[in-house]
Amino acid sequence: MNPIKTFPRGGVHPEENKLSANQPIQDFPMPKQIIVPLGQCLGAPADCIVKKGDRVLTGQLIGTAKGFVSANVHSPATGTVAKVDVVMDHTGYYKPAVFIDREEQDEWVEGVIQTDELLTEIKLDSKQIIDRVKDCGIVGMGGATFPTHVKLMVPEGKKAEYIIINAAECEPYLTCDFRLLLEKTQEFLVGVKILMKAVNTDKGIIGIEENKMEAIELLEKTINAHRDLYKGIEVQPLKTKYPQGGEKQIIKAITGREVPSGKLPIETGCVVVNVASTYAIYEAVQKNKPLIERIVTVTGKSVKKPCNLRVRFGTPANLLIEAAGGLPENITDVINGGPMMGKSVSVTDFPCMKGTSGILLMTLDEAQDRRQTNCIRCGRCAKACPMGLQPFLLHKVAKLNDFDETEANHIMDCIECGSCEFTCPANIPLLDYIRYGKAKTGAIIRARNQK
Amino acid sequence: MSNTLLISLAVLGILGGILAVILYFVAQKFKVEENPLIDEAEACLPGANCGGCGFAGCRALAEACVKQAAEKGNIDGLACPGTDMGKVAAVLGLTAAAFEPKIAVVRCNGSCQNSPAKVHYEGADICAFANTLYAGEGGCSKGCLGLGDCVKKCNFDALHIDKETGLPVVDPDKCVGCGVCAKNCPRGIIEVRPRGKKDRRVYVCCSNTDKGALVIKNCSVGCIGCQKCLKECPFEAIEMRGNLAYIDPAKCKACGKCVKVCPRGSIHAINFPAPKPETPALQGAEPVVKPQPKPELVEVKTEVKPENTVTA
Amino acid sequence: MNKYTISGSPHVHSTENTQKIMYRVLLALVPALLVAIYYFGWYALRLTLVSMAACMLTEWLIQKFLIKGPLTINDGSAALTGLLLAFNVPANLPIWMVIVGSVVAIGIGKMAFGGLGKNPFNPALVGRVFMLVSFPTAMTTWPKAAPIFDKGFFADAVTGPTPLGILKEAGAGSLAQAGDMQFLDMVLGNRGGAFGEVCAIALLLGAIYLIARKVIDIATPLSILLTVFIFTGICYLINPANFIAPWYHLIYGGLILGAFFMATDMVTTPMTTQGKILFGFGVGVITVVIRLWGAYPEGVSFAILIMNALTPLINKAFKPQVFGVVKPAKK
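So, here's what we can say about the structure. (Residues numbered from 1 in each chain as written. Chains lettered and ligands numbered in written order. Predicted model: local features only at pLDDT ≥ 70, side-chain atom pairs only at ≥ 80, totals over all residues. Heavy atoms only, no water.)

So, on to the overall build of chain C. Scanning chain C from N- to C-terminus turns up 17 helices and 1 strand. In terms of C-alpha radius of gyration, chain C reaches 21 Å, essentially the compact-globule figure of 20 Å for 331 residues. Viewed in the frame of its principal axes, chain C has a C-alpha envelope of about 75 × 55 × 35 Å. Every one of the 331 residues in chain C was classed for burial, and the buried ones make up 57%. Taking all contacts inside chain C whose residues are at least 6 apart in sequence as the whole, residues at least 24 apart take part in 74%. Of the roughly 13,900 Å² that chain C leaves accessible, carbon and sulfur atoms contribute 70%. For chain C, the centre of its 22 positive side-chain charges and the centre of its 12 negative side-chain charges are spaced 14 Å apart. (Helix = DSSP H or I, 4+ residues; strand = E, 2+ residues; numbered from the N terminus. Rg over C-alpha atoms; globule rule 2.2 N^0.38 Å. Buried < 20%, exposed > 50% of the residue type's maximum accessible area, 1.4 Å probe, protein only. Contact = heavy atoms within 4.5 Å. Areas by Shrake-Rupley, 256 points an atom, 1.4 Å probe, with all protein chains shown as cover. Lys, Arg positive; Asp, Glu negative; His and termini not counted. Charge placed at Lys NZ, Arg CZ, Asp CG, Glu CD.)

This is how it looks when you write it as structure tokens:
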């Protein structure tokens, strides 16, 4: 095993609470009607290309990408389009969505290989792979939902030296990537090979936090058993520290290179891809399967049966909560994603999407008392910041709407990991103010650049 | 003893004198020649530097006025929203367009009673941030978040959050209609409208353009886009913006007919006398149509007294 | 059904809070308080209780009737100010004086700036320096340490000079001759002085606890002690007849108390490690200068207050290096 590495500055160590780590992935049955939101990626929502009454097959394209950082949307089931309307997403906003009345039998679109057989031979070339990734609507499934094909398109004059697989899963509670690594080890490794071929490199590094020793050992064993097949892939254990899975942090930890401020990771010759996305790429390239399902961890200390479920997109989250033993009493926080970077939800019947890595149910005790007191200038936030920023200062100037100061103090470098707010003894919502400042400062910078 | 005193006095006195002379010459040397009209024009402006005119402050507007007056001979297009520009024009020896006093209007009535909270917000008291996080405590994604970005930005102390309703209330005595609040509302709920004749105005107190069914889910007084008001209006002053009725202040004659037909009580009429069949303001109204005794509507009416007319 | 909470991420928080930090510091000062009671008896206990009560009452009154804001009396910060203030005065100080000091410490030193976290100066030191310049005689008439088992709990104290006082009066030679100035006594606290500062061992015990619980950063105290040690060491090497050995300087006076408990106050000291080192260096130099050449025998309080004033500047000068930003080359 390689020696454990980590990023040098900042970071915190929240309780890990990987409650569902030993729960095998279960297939979750689809409900009668599924609601597929058209905006499932970071960019603009996809354009709907089906209309009411259309019969759609599983895997059929129903929404085409609109704009650069947008991704295609496919039908996760076979059935008839009941309507194209709006649906309330987890934030309570209404977003466009396709309602599909499902038929019992899954009927896949043509060209999809439905067997579970492991295909190791990569037939496509680099460009074909990227096109396939794009067609299949694959996005970063760690939560940010940035379209993966954009990452893989290495700009001219740059060279991708490493494919880094982000298997850190530094978010507490979540175990979906860990379970995938254990259960689909070979498929995952072929996925890494595909990525390496896509960007023309012979180095692939899988970064995993050392609290997932089982996965590290299994991966190393598999790689050693098939040396020729997985040549160039390495497993790099990382220290269990949040935010180890931050893109910039994992590059720094593994290669020692720092992504320059305001630049993309490709500047350091690295392309970072999430575990679930890697598996999705395997499915897309080898089996021609578009992205229509993912693993969702349903967890929480008071949840009866924390579990990892394979869910087709569009399944309402409250059904998943039922499957995990129902909604426990006194739940005050329902979170879409992990506790550090996930989003609070207003309603529990929002549809699962490409970025839904987990559904976390917490009581007030788990979330901790949030009574706000005065800043005592202890500087813990600055110590915890992995980006070397001064959150207390950014909070203050953002509150005063002094956006020249926020920019001068590198607010745009904030990765919104939440380490500062986590560690703050005065419970100040530092990140709220920083996000506000970041949005405003970003708008000012964009307006200035346009001139 | 007296010697010390005298010497100190003399030294300090002479020092003061020398410095005064130096200061005088320096001031002469670095004097900036400015058109005295700018000062005069600035004196006509409120001096609050609210930025509502689009300039950095009142002096910047005054400078622009003087400049344009010298170059083009008019001050068209330059206006302080809170002041009669006629005064400035008079200073510059010109005439300005007629001044129409304006006031900020909060187009949301989703108070704690009308749109009860379904979730509980904890975090920074910034509407612009909360807007990125969720739809709102009541669930309406176009409604007021009640965290008071407008209140914080108001330069005239004309807005405050009503603790009972959780909504911002405009103080008609203090509001000059500069529009800073409207610019800073992340949901565009606040609109600057003309105060209207006798300070009477009618507007739709809702900003939700969603379909009626979605509005009803979250709010008991939101506009559902039924278009009854549109059909009722004799002046074609009402138009639909999505599923939201909008009363064009330029065409509205403040007859108040739409107020009575609205099934949701979304249309508010301000500074009208209490609804009696014989009121002169509602002359054209048929007595058959019973005025809707919506509690919040009456509240608004009694809250603002008719005498409240602020025209500069 | 209870309402869901909507908040920005992160949704979990560390269990740390301000209150815990304050109570830990209070706990860390308990050994020193016990030693003080052992040596100064009833007077020490009485002063401590009065000072803490006065500080908390002042804060409560101001918050209740002047600010009309939330009451934060439970957070322990006022109690800590009271305790530190008491630790810095002679045990036989009249009660009313310490009440005046407490009111000044909280009222002017802290609440006038907006309460906890807003004060530029350490409130306890503001109170102490106020008393020192207002009641110079009372504040420099130090009782002699006398174990309560010898003299009894309520025994009146006999006044006597502090080691630094002797130094100031007579120079290094006389101190060496004074028979009762044994190093061991100095460390254990059997000496004259403000009653919280006498026992270095008890204070260090508390300091180790705080460092272990990560309440304070070792950078500041280490930097202060090293600076004092090196500075006085140089003086000692140059002229051993005029100056005493540097290790005496470390344990005399309020240096340990100041370095570990006052110069580590989060509110009034720099945030970054480099800043803390510079802060400590400044405190050390000023302390030694006052001790060796100034009018007062002891200078820790003034040194910390002066450096408190420089803290915003230090904070501005020493910012953490931002990830991915290349530092401009230094010349």
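What follows is about a nonpolar patch on the surface. All names here are of chain C. Side chains of Phe-183, Ile-218, Leu-222, Leu-226, Phe-229, Ile-230, Ile-234, Ile-238 and Trp-247 sit close together on the surface and give an oily, nonpolar patch of about 860 Å² of accessible area. Of all the elements, helix α13 (residues 219–238) adds the most residues to the nonpolar patch, at 6 residues. Here Trp-247 lies in helix α14 (residues 246–251). (Patch = residues over 30% accessible without salt bridge, like charges linked within 9 Å, V, L, I, M, F, W, Y side chains within 5 Å. Salt bridge = Lys/Arg side-chain N within 4 Å of Asp/Glu carboxyl O.)

This part takes up the interface of chain A and chain C. Taken together, the 61 residues of chain A in the interface contact 39 residues of chain C. Across the chain A/chain C interface, buried area totals approximately 4,300 Å², and carbon plus sulfur atoms make up 52% of it. Where chain A packs against chain C, one counts 2 salt bridges. With a closest N to O distance of 3.1 Å, Glu-16 of chain C and Arg-380 of chain A form a salt bridge. Remark: the boundary between chain A and chain C carries 23 residue pairs in polar contact (both at pLDDT 80 or more). Secondary structure elements with two or more residues in the side of chain A that touches chain C: α6 (247–255), β15 (331–336), β16 (343–344), α9 (364–367), α10 (380–384), α11 (391–399), α13 (419–423) and α14 (430–450) of chain A. Element by element, the count of residues in the side of chain A that touches chain C is highest for β15 of chain A, at 5 residues. (Buried area = accessible area lost by both parts, 1.4 Å probe. Polar contact = N/O pair within 3.5 Å; in protein donor to acceptor, adjacent residues only side chain to side chain.)

This part takes up the interface of chain B and chain A. Facing the 22 residues of chain B at the interface are 15 residues of chain A. Interface of chain B and chain A: buried area, both sides summed, is about 1,500 Å²; carbon and sulfur atoms make up 59% of it. For the salt bridge of Asp-85 of chain A with Lys-211 of chain B, the shortest nitrogen-to-oxygen distance reads 3.5 Å. Where chain B packs against chain A, one counts 4 residue pairs in polar contact (both at pLDDT 80 or more). Where the side of chain B that touches chain A is concerned, the elements lending two or more residues are β2 (119–121), α5 (127–133) and α8 (212–218) of chain B. No other element matches the 4 residues that α5 of chain B contributes to the side of chain B that touches chain A. Along the lines of polarity and charge, the residues of the side of chain B that touches chain A split into 10 nonpolar, 5 polar and 7 charged. (Nonpolar A, V, L, I, M, F, W, Y, C, P; charged D, E, K, R; others polar.)

Moving on, we get to the pattern of salt bridges. Residue and element names in this part refer to chain B. Throughout the structure, instances matching the rule amount to 41 salt bridges over all chains. Residue Glu-63 pairs with Arg-59 through a salt bridge whose shortest N-O separation is 3.8 Å. Here Glu-63 and its partner Arg-59 are both found in helix α3 (residues 58–72), 4 residues apart, which amounts to about one turn of the helix. Overall, the relative accessible area of 34% leaves Glu-63 in the partly exposed class. One network of salt bridges, in which partners are shared, links Asp-39, Glu-42, Arg-59 and Glu-63.

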